[in-house]
Amino acid sequence: DLNLHYRFLNWRRRIREIREVRAGRFQERAKHILVDGDTLSYHGDSGEVGCYVAPRPLTRDNNYFEVSIVDSGVRGTIAVGLVPQYYSLDHQPGWLPDSVAYHADDGKLYSGRAKGRQFGSKCSSGDRIGCGIELLSFDLQTAQVFFTKNGKRVQASPPNSLHPSFLLHNPSIYGPFTSPCPQLLEYVGKGKSIVDVGLAQARHPLSTRSHYFEVEIVDPGEKCY
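Residues numbered from 1 in each chain as written. Predicted model: local features only at pLDDT ≥ 70, side-chain atom pairs only at ≥ 80, totals over all residues. Heavy atoms only, no water.

Per an unreviewed UniProt entry, the protein is named SPRY3 protein, and its organism is Upupa epops.

**Student:** Hey, could you run me through the overall build of the protein in this one?
**Tutor:** Secondary structure assignment for the protein yields two helices and 17 strands. Within the span of the protein, comprising 225 residues, buried residues form 24% of the whole. Sequence separation of at least 24 residues holds for 52% of the intrachain contacts in the protein that already meet a minimum separation of 6. If you sum the accessible surface of the protein, you get close to 16,000 Å²; carbon and sulfur atoms cover 52% of it. (Helix = DSSP H or I, 4+ residues; strand = E, 2+ residues; numbered from the N terminus. Buried < 20%, exposed > 50% of the residue type's maximum accessible area, 1.4 Å probe, protein only. Contact = heavy atoms within 4.5 Å. Areas by Shrake-Rupley, 256 points an atom, 1.4 Å probe, with all protein chains shown as cover.)

**Student:** Is there a simple way to explain the nonpolar core in this structure?
**Tutor:** Soluble globular proteins tend to pack their nonpolar side chains together in the buried interior. Among the nonpolar cores identified, the biggest contains 15 residues, and L82, Y102, F119, C123, I129 and F147 are the most heavily contacted of them. Of all the secondary-structure elements, those providing two or more residues to this core are β6 (79-82), β7 (100-103) and β10 (128-133). Ranked by the residues each element gives to this core, the list is headed by β10, at three residues. (Core = buried A, V, L, I, M, F, W, Y, C linked by side-chain atoms within 4.5 Å.)

**Student:** Help me understand the sheet that holds β10, please; the structure alone is not making it clear to me.
**Tutor:** Strands pair in a sheet through their backbones, by hydrogen bonds, and they do so in one of two ways: parallel or antiparallel. Spatial ordering of the open sheet is given by β5-β10-β11-β12, a layout of four strands whose pairing is antiparallel. The sheet is open, and its two edges are formed by β5 (64-68) and β12 (152-153), each paired on a single side. In the sheet, β5 pairs with β10 via five bridges, with the strands oriented antiparallel. Of the residues in β10, the one forming a bridge with F65 is C131. (Pairing = 2+ DSSP bridges.)

**Student:** Help me out: how do you make sense of the packing of aromatic side chains in this one?
**Tutor:** Each aromatic ring pair is described using two quantities: the centre-to-centre distance and the angle formed by the ring planes. Scanning the model with the defined rule gives four aromatic pairs in all. Pairing Y102 with F147 gives two aromatic rings, centres 6.0 Å apart and planes at 65 degrees, and the pair type is edge-to-face. Note that Y102 is positioned in strand β7 and F147 in strand β11 (residues 145-149), a separation of 45 residues in sequence. Given a relative accessible area of 0%, Y102 falls into the buried group. Given the relative accessible area of 3%, F147 is considered buried. Taken together, the aromatic side chains of Y102, F119 and F147 make up a single cluster linked through ring pairs. (Phe/Tyr/Trp six-rings, centres within 6.5 Å; stacked < 30°, edge-to-face > 60°.)

**Student:** Help me out: how do you make sense of the side chain of N63 in this one?
**Tutor:** By the secondary structure assignment, N63 is in the loop between β4 (51-53) and β5. The exposure class assigned to N63 is buried, which follows from its relative accessible area of 17%. In terms of polar contacts, N63 uses its side chain to reach the backbone carbonyl oxygen of I133, at 2.9 Å. When near neighbours in sequence (up to four residues on either side) are disregarded, N63 contacts L58, C131, G132, I133, L135 and F138. (Polar contact = N/O pair within 3.5 Å; in protein donor to acceptor, adjacent residues only side chain to side chain.)

**Student:** Any chance you could explain the pairing of β7 here in plain terms?
**Tutor:** The side chains of a regular strand alternate, first on one face of the sheet and then on the other. Here β7 shows two buried faces, one formed by V100 and Y102 and the other by A101 and H103. Relative to β7, β6 runs antiparallel, the two sharing four bridges. If you follow L82 over to β7, its bridge partner there is V100. With three bridges joining them, β7 and strand β8 (residues 108-111) adopt antiparallel strand pairing. Note that in β8 the partner of Y102 across the bridge is L109. The loop that links β7 with its antiparallel partner β8 comprises four residues; one of these, G107, has a positive phi angle of about 70 degrees.

**Student:** Looking at this structure, I do not really get the pattern of salt bridges. What am I missing?
**Tutor:** Proximity of charged atoms lets side chains of opposite charge pair with each other. Tallied over the entire structure, the rule returns three salt bridges. E66 is the salt-bridge partner of R128, the closest N and O atoms lying 2.9 Å from each other. One end of the pair, R128, is in strand β10; the other, E66, is in strand β5, with 62 residues separating them in the sequence. Exposure remark for R128: the relative accessible area of 31% places this residue in the partly exposed category. Close ionic contact of R153 with E134 constitutes a salt bridge, the shortest N to O distance being 2.6 Å. Taken together, the positions of R153 in strand β12 and E134 in the loop between β10 and α2 (135-140) put the pair 19 residues apart, joining distant regions of the chain. (Salt bridge = Lys/Arg side-chain N within 4 Å of Asp/Glu carboxyl O.)

Next comes the structure, spelled out in C-alpha coordinates:
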(Lines give C-alpha, C1' and ligand atoms only; values in the text may rest on other atoms or scores of the structure.)
Protein backbone atom coordinates (compact mmCIF):
# COMPACT_ATOMS: atom_id res chain seq x y z
CA ASP A 1 0.00 0.00 0.00
CA LEU A 2 1.62 3.26 -1.18
CA ASN A 3 -0.10 5.41 1.46
CA LEU A 4 1.03 3.09 4.25
CA HIS A 5 4.60 3.05 2.92
CA TYR A 6 4.57 6.88 2.79
CA ARG A 7 3.39 7.09 6.39
CA PHE A 8 6.07 4.60 7.43
CA LEU A 9 8.80 6.67 5.78
CA ASN A 10 7.48 9.83 7.43
CA TRP A 11 7.44 8.05 10.78
CA ARG A 12 11.06 6.92 10.36
CA ARG A 13 12.11 10.41 9.32
CA ARG A 14 10.33 11.89 12.34
CA ILE A 15 12.07 9.46 14.69
CA ARG A 16 15.42 10.34 13.11
CA GLU A 17 14.73 14.06 13.50
CA ILE A 18 13.79 13.62 17.16
CA ARG A 19 16.99 11.71 17.82
CA GLU A 20 19.06 14.36 16.09
CA VAL A 21 17.40 17.11 18.11
CA ARG A 22 17.90 15.24 21.35
CA ALA A 23 21.52 14.54 20.47
CA GLY A 24 22.19 18.20 19.75
CA ARG A 25 20.08 19.52 22.61
CA PHE A 26 22.54 18.61 25.32
CA GLN A 27 25.86 19.52 23.79
CA GLU A 28 28.29 21.80 25.57
CA ARG A 29 29.54 24.82 23.65
CA ALA A 30 32.88 26.49 24.14
CA LYS A 31 35.17 28.98 22.44
CA HIS A 32 38.75 29.74 23.50
CA ILE A 33 38.13 27.38 26.43
CA LEU A 34 39.89 24.08 27.08
CA VAL A 35 37.65 21.53 28.78
CA ASP A 36 39.48 18.88 30.78
CA GLY A 37 36.94 16.89 32.76
CA ASP A 38 35.39 19.35 35.20
CA THR A 39 38.20 21.89 34.76
CA LEU A 40 37.97 24.85 32.39
CA SER A 41 40.98 26.91 31.34
CA TYR A 42 41.36 29.88 29.03
CA HIS A 43 43.09 29.27 25.70
CA GLY A 44 43.12 32.37 23.53
CA ASP A 45 44.65 35.78 23.03
CA SER A 46 44.19 38.25 25.88
CA GLY A 47 41.71 40.29 23.84
CA GLU A 48 39.44 37.34 23.00
CA VAL A 49 36.50 36.25 25.10
CA GLY A 50 36.57 32.68 26.31
CA CYS A 51 33.04 31.44 26.88
CA TYR A 52 31.62 28.09 27.93
CA VAL A 53 27.95 27.03 27.92
CA ALA A 54 27.03 23.86 29.82
CA PRO A 55 25.10 21.18 27.93
CA ARG A 56 22.10 21.08 30.27
CA PRO A 57 19.98 23.88 31.75
CA LEU A 58 19.19 24.25 35.43
CA THR A 59 16.06 22.40 36.56
CA ARG A 60 13.95 22.02 39.68
CA ASP A 61 16.02 18.98 40.70
CA ASN A 62 19.32 20.64 39.79
CA ASN A 63 18.82 24.36 40.36
CA TYR A 64 22.32 25.38 41.51
CA PHE A 65 25.94 25.11 40.45
CA GLU A 66 29.23 26.32 41.85
CA VAL A 67 32.61 27.23 40.35
CA SER A 68 35.93 27.17 42.22
CA ILE A 69 38.54 29.64 40.99
CA VAL A 70 41.87 27.82 40.91
CA ASP A 71 43.82 30.64 39.24
CA SER A 72 42.19 34.00 38.53
CA GLY A 73 44.96 35.08 36.15
CA VAL A 74 46.41 38.58 35.86
CA ARG A 75 43.17 40.53 35.45
CA GLY A 76 40.74 38.11 37.06
CA THR A 77 38.24 38.45 34.22
CA ILE A 78 35.87 35.68 35.23
CA ALA A 79 32.08 35.65 34.96
CA VAL A 80 29.62 33.09 36.30
CA GLY A 81 25.95 33.15 35.39
CA LEU A 82 23.13 31.93 33.17
CA VAL A 83 22.69 32.32 29.41
CA PRO A 84 20.44 30.89 26.67
CA GLN A 85 21.58 27.67 25.00
CA TYR A 86 22.75 29.39 21.82
CA TYR A 87 24.33 32.43 23.48
CA SER A 88 27.01 34.17 21.42
CA LEU A 89 30.37 32.84 22.56
CA ASP A 90 32.05 36.12 21.57
CA HIS A 91 30.43 38.01 24.46
CA GLN A 92 30.79 37.77 28.20
CA PRO A 93 27.84 36.28 30.08
CA GLY A 94 25.48 39.02 31.20
CA TRP A 95 26.28 41.36 28.32
CA LEU A 96 23.52 40.22 25.97
CA PRO A 97 19.72 40.00 26.49
CA ASP A 98 18.32 37.06 28.47
CA SER A 99 21.60 36.54 30.31
CA VAL A 100 22.83 37.42 33.80
CA ALA A 101 26.24 37.00 35.42
CA TYR A 102 28.31 37.90 38.47
CA HIS A 103 31.73 39.21 37.36
CA ALA A 104 34.66 38.40 39.60
CA ASP A 105 37.00 41.16 38.43
CA ASP A 106 34.78 44.06 39.52
CA GLY A 107 32.12 42.44 41.71
CA LYS A 108 29.35 43.77 39.50
CA LEU A 109 26.16 42.13 38.29
CA TYR A 110 25.53 42.26 34.55
CA SER A 111 22.00 41.61 33.36
CA GLY A 112 21.40 41.84 29.62
CA ARG A 113 23.74 44.76 29.03
CA ALA A 114 27.46 45.58 28.96
CA LYS A 115 27.13 47.98 31.88
CA GLY A 116 26.95 46.36 35.29
CA ARG A 117 25.86 47.56 38.70
CA GLN A 118 27.68 47.10 41.98
CA PHE A 119 26.60 43.81 43.48
CA GLY A 120 29.20 42.11 45.64
CA SER A 121 32.90 41.95 46.36
CA LYS A 122 35.59 40.99 43.88
CA CYS A 123 36.67 37.36 43.66
CA SER A 124 40.10 35.82 43.17
CA SER A 125 41.97 32.54 43.40
CA GLY A 126 40.53 30.24 46.06
CA ASP A 127 37.05 31.76 45.99
CA ARG A 128 33.91 29.86 45.02
CA ILE A 129 31.10 31.49 43.02
CA GLY A 130 27.70 29.84 42.93
CA CYS A 131 24.63 30.55 40.83
CA GLY A 132 21.12 29.17 41.09
CA ILE A 133 17.43 29.65 40.39
CA GLU A 134 14.93 29.93 43.24
CA LEU A 135 12.70 26.84 43.34
CA LEU A 136 9.62 29.07 43.42
CA SER A 137 10.60 30.33 39.97
CA PHE A 138 9.75 26.99 38.38
CA ASP A 139 6.16 27.34 39.62
CA LEU A 140 5.84 30.99 38.61
CA GLN A 141 7.76 30.47 35.34
CA THR A 142 9.87 33.54 36.08
CA ALA A 143 13.60 33.18 36.63
CA GLN A 144 14.62 34.50 40.05
CA VAL A 145 18.39 34.09 40.04
CA PHE A 146 20.67 34.20 43.08
CA PHE A 147 24.44 34.12 43.52
CA THR A 148 26.75 32.96 46.29
CA LYS A 149 30.36 33.59 47.21
CA ASN A 150 32.12 30.96 49.29
CA GLY A 151 28.77 29.43 50.23
CA LYS A 152 27.10 32.69 51.35
CA ARG A 153 24.46 34.53 49.36
CA VAL A 154 25.52 37.75 47.73
CA GLN A 155 23.05 40.55 48.40
CA ALA A 156 23.03 43.75 46.39
CA SER A 157 23.57 46.89 48.45
CA PRO A 158 20.37 48.97 48.29
CA PRO A 159 20.49 52.75 47.84
CA ASN A 160 20.77 54.83 51.01
CA SER A 161 17.17 55.94 50.58
CA LEU A 162 14.32 55.54 48.13
CA HIS A 163 12.08 58.53 47.50
CA PRO A 164 8.68 58.41 45.75
CA SER A 165 8.89 60.19 42.40
CA PHE A 166 6.37 61.28 39.75
CA LEU A 167 6.59 62.48 36.17
CA LEU A 168 3.93 64.52 34.35
CA HIS A 169 4.08 65.52 30.69
CA ASN A 170 0.79 67.21 29.90
CA PRO A 171 -1.81 69.26 31.81
CA SER A 172 -2.95 66.81 34.47
CA ILE A 173 -3.59 66.56 38.18
CA TYR A 174 -2.50 63.77 40.50
CA GLY A 175 -3.64 63.42 44.11
CA PRO A 176 -4.47 63.11 46.90
CA PHE A 177 -1.48 61.09 48.11
CA THR A 178 -0.80 59.02 51.14
CA SER A 179 2.15 59.97 53.35
CA PRO A 180 5.04 60.74 52.83
CA CYS A 181 3.91 62.53 49.66
CA PRO A 182 2.32 65.95 49.12
CA GLN A 183 -1.45 66.15 48.78
CA LEU A 184 -1.73 67.44 45.23
CA LEU A 185 0.49 67.73 42.15
CA GLU A 186 -0.43 69.65 39.01
CA TYR A 187 1.57 69.97 35.80
CA VAL A 188 2.26 73.63 34.95
CA GLY A 189 4.61 73.23 31.96
CA LYS A 190 3.74 73.69 28.29
CA GLY A 191 4.14 70.04 27.27
CA LYS A 192 5.39 70.91 23.80
CA SER A 193 8.41 68.60 23.74
CA ILE A 194 9.61 65.37 25.30
CA VAL A 195 12.03 67.30 27.52
CA ASP A 196 9.35 69.63 28.90
CA VAL A 197 8.29 67.28 31.66
CA GLY A 198 7.28 67.86 35.24
CA LEU A 199 9.17 65.82 37.81
CA ALA A 200 8.62 65.77 41.55
CA GLN A 201 10.44 63.94 44.33
CA ALA A 202 9.01 63.53 47.80
CA ARG A 203 10.84 65.21 50.67
CA HIS A 204 11.08 62.10 52.82
CA PRO A 205 12.19 58.60 51.76
CA LEU A 206 10.26 55.42 52.39
CA SER A 207 11.04 53.75 55.69
CA THR A 208 10.00 50.77 57.79
CA ARG A 209 7.20 52.84 59.32
CA SER A 210 6.14 54.48 56.05
CA HIS A 211 6.91 51.95 53.34
CA TYR A 212 4.02 52.48 50.93
CA PHE A 213 2.51 55.29 48.90
CA GLU A 214 -0.48 55.59 46.60
CA VAL A 215 -1.49 57.95 43.79
CA GLU A 216 -4.99 58.90 42.73
CA ILE A 217 -5.40 60.41 39.24
CA VAL A 218 -7.79 63.34 39.51
CA ASP A 219 -7.44 64.50 35.90
CA PRO A 220 -5.27 62.48 33.44
CA GLY A 221 -5.13 65.32 30.92
CA GLU A 222 -5.35 64.96 27.17
CA LYS A 223 -2.68 62.29 26.67
CA CYS A 224 -2.50 60.86 30.18
CA TYR A 225 1.24 61.39 30.58
